[in-house]
Amino acid sequence: MSSATLTASNDGVLAISGEFGYATASDLLTQGQALMGTHNKELTIDLSGVTGSDSAGLALMLEWIDRYRTAGQQLHFLNVPESLLEIARVSNLIDLLPLADT
Amino acid sequence: MDKLIITGGTRLDGEVRIAGAKNAALPILAATLLADSPMTISNVPHLHDITTTMGLLGRMGVQLVVDERMRIEVDSNTITNYNAPYELVKTMRASILVLGPLLSRFGQAEVSLPGGCAIGSRPVNLHIDGLRAMGAEIQVENGYIRAKAKRLKGARLVMDIVTVTGTENLMMAATLADGETIIENAAREPEVVDLANCLNKMGAKITGAGTASIRIEGVEKLSGTDYKVLPDRIETGTFLVAAAITGGKIKVRDTAPELIDVILQKLREAGAIIETGDDWITLDMQGKRPKSVDVHTAPYPAFPTDMQAQFTALNTVAEGVGIITENVFENRFMHVQEMQRMGANIRLEGNTAICTGIEQLTAAPVMATDLRASASLVLAGLVAKGETVVDRIYHIDRGYDCIEEKLAGLGAHIRRIPD
């Protein structure tokens, strides 16, 4: 069974560890919802701990962008796996992703 | 609309990887509707028509996931509706391919009629007639094909004309029909064979794919499987012509040489030295100018119409006079006028283009009206003096996966300018 966790740190960074895709997207969405609003206006999601991903992960990123923006928070993604960026490029969605400078 | 800017004069040199064939991937994606368990499709090209098809399936409620290796996992058990709307079908005629699978597995389908086509008429009446012969009730009204059937019944279907999508649609429909279906005068293209191989892997009983007579013994159900789409023979041919026209030397990887015997033969006639392996082809022009070749297009295994424009480009700078006869589609010489603007010496007589090769083309702003014509203008740009601007490249993006990156990787001076 695939699993993933979303861990908050004090400096406005949420770190994902584990699978980031179809098997875990729903659970991560719930975890992210619980953490929404508990951070500064600027929030970064760090994907360096992602062990595998698919287009459901990309869909989750887009959902987060929408929800956090609606909540008045600015979201950035850090250390996005190249394979996930490739899916975003092929889907013509790459320009929608707010990528943080590494 | 994006443009491609090509500075001609560089001999292509290097290796290029060929993508999966769009014309196989699209029907195979449609075939996933027939499976009663999830299936995974790999070697799918990164093309707009593929994402359109995924969008079409997604709108029906089918669950799709693209994994890290760009494989597409499809589960059609979550389907909620059986409708292919006009706004998607009008952008991609291949949407009609969902008609047979939807009707066969779910007993109903509502698919918009496709619109016109720039390169000639491609009627869908053969799809409809075939399904009716298998017992479907079909109404064509308000621009939609509305079809119903309890369970399709096997039938002997004689196609008036050879049609690839017609053969594919009816073959898919017949897999779950009651009894045996025979499709006579079937299309023989490798993409039809690839679809049949995929369906057989899912549990279908199809024999004769690749011949003019295909037999399908209907089964109760099909199951999901893993399937790798065959390589794109037209992309393969296009890169080989690109190398030949520039006097270059390239190796094409992850392809299937046996699918393009007739193209390789024409390239040898043009003076290319060609070697092949299991999944690769090398072409070496040794820096020489190509010789003109005569080409007559016809359904597979004869010379493909989808390579006609590229060979027209080759003939524009080849030694001698080459005659190209287009026997498949009417109105498929739109690229000739653009090549004439680049200085090409081509005379059109009905469905024949007579080309006297010149030493070098001259760059010009050009645009094209279909996918292969666009590709041929890019090839012409590779050997034109100056900077050729190819407009309306959304056509080329529909059929070639990362063409400018791949050509640049072979040394071409080519870049994309976003509009």
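Starting afresh in each chain, residues are numbered from 1 along the sequence in its written order. Written order determines the labels here, with chains lettered from A and ligands numbered from 1. With the structure being a predicted model, the display of local features is reserved for residues of pLDDT at least 70 and the display and counting of side-chain atom pairs for 80 or more, all residues being used for whole-chain, interface and lining totals.

Here we come to the overall build of chain A. A count of helical and extended segments in chain A gives three helices and four strands. The globule rule used for comparison is 2.2 Å times the number of residues to the exponent 0.38, while the radius of gyration itself is calculated over C-alpha atoms. The globule rule puts the C-alpha radius of gyration for 102 residues at 13 Å, and the 12 Å found for chain A is close to it. Overall, chain A is about 30 × 30 × 25 Å in size when its C-alpha atoms are taken along their principal axes. Counts of 20 or more other C-beta atoms within 10 Å of a residue's own C-beta define buried residues, counts of 12 or fewer define exposed ones, and intermediate counts define partly exposed ones; C-beta atoms are placed from the backbone. The buried share of chain A, taken over its 102 residues, is 30%. A run of H or I in DSSP counts as a helix once it spans at least four residues, and a run of E counts as a strand once it spans at least two, with each numbered from the N terminus.

Across chain A, the average pLDDT comes to 88, with 94% of residues at 70 or higher. Of all secondary-structure elements in chain A, the lowest mean pLDDT belongs to helix 1 (residues 25-35) of chain A, at 88, while strand 2 (residues 13-20) of chain A reaches the highest, 93. Every residue gets a pLDDT, meaning the predictor's confidence in that residue, from 0 to 100.

Bringing the packing of helix 6 (residues 164-175) of chain B against helix 7 (residues 190-201) of chain B into the picture now. Residues and elements named next belong to chain B. Axis definition: a line fitted to C-alpha atoms, limited for helices to the stretch in contact. Angles are taken between N-to-C directions and run from 0 to 180 degrees. Where helix 6 meets helix 7, the axes come as close as 10 Å, and the angle between the chain directions of the two elements is 15 degrees. Taken together, the axes of helix 6 and helix 7 lie roughly parallel to each other. The handedness of the crossing between helix 6 and helix 7 comes out as right-handed. Seen from helix 6, the contacting residues are Val164, Thr167, Glu168, Met171, Met172 and Thr175; seen from helix 7, they are Glu191, Val192, Leu195, Ala196 and Leu199. Residue type decides the class: Asp, Glu, Lys and Arg count as charged, Ala, Val, Leu, Ile, Met, Phe, Trp, Tyr, Cys and Pro as nonpolar, and the leftover types, Gly among them, as polar. Residues of the contact of helix 6 with helix 7, tallied by class, amount to seven nonpolar, two polar and two charged. To sort the angles, those under 35 degrees are grouped as roughly parallel, those over 145 as roughly antiparallel, those from 65 to 115 as roughly perpendicular, and the leftovers as oblique. Take the far helix as your reference; a near helix turned counterclockwise from it by less than a right angle gives a left-handed crossing, and one turned clockwise gives a right-handed crossing. A pair of residues counts as a contact when their C-beta atoms, built from backbone coordinates, are separated by no more than 7 Å.

Take unusual backbone geometry next. Residue and element names in this part refer to chain B. Of the consecutive residues Tyr300 and Pro301, the connecting peptide bond is found in the cis state with omega at 15 degrees. Mapped onto the fold, Pro301 is located in the loop between strand 18 (295-296) and helix 10 (308-316). Unlike most non-glycine residues, Asp254 shows phi in positive territory, near 55 degrees. For Asp254, the position within the fold is in the loop between strand 15 (249-253) and helix 9 (261-269). Exposure remark for Asp254: the 15 C-beta atoms within 10 Å place this residue in the partly exposed category. Look at Gln286: it is not a glycine, yet its phi comes out positive at around 50 degrees. By secondary structure assignment, the location of Gln286 is in the loop between strand 17 (281-284) and strand 18. Judged by the 10 C-beta atoms lying within 10 Å of it, Gln286 falls in the exposed class.

On the chain B side, the residues contacting the ten residues of chain A number six residues. For the side of chain A that touches chain B, the secondary-structure elements that each account for two or more residues are strand 3 (42-53), helix 2 (55-70) and helix 3 (82-90) of chain A. Of the residues forming the side of chain A that touches chain B, the biggest block, three residues, is contributed by helix 3 of chain A. Broken down by class, the residue content of the side of chain A that touches chain B amounts to four nonpolar, five polar and one charged.

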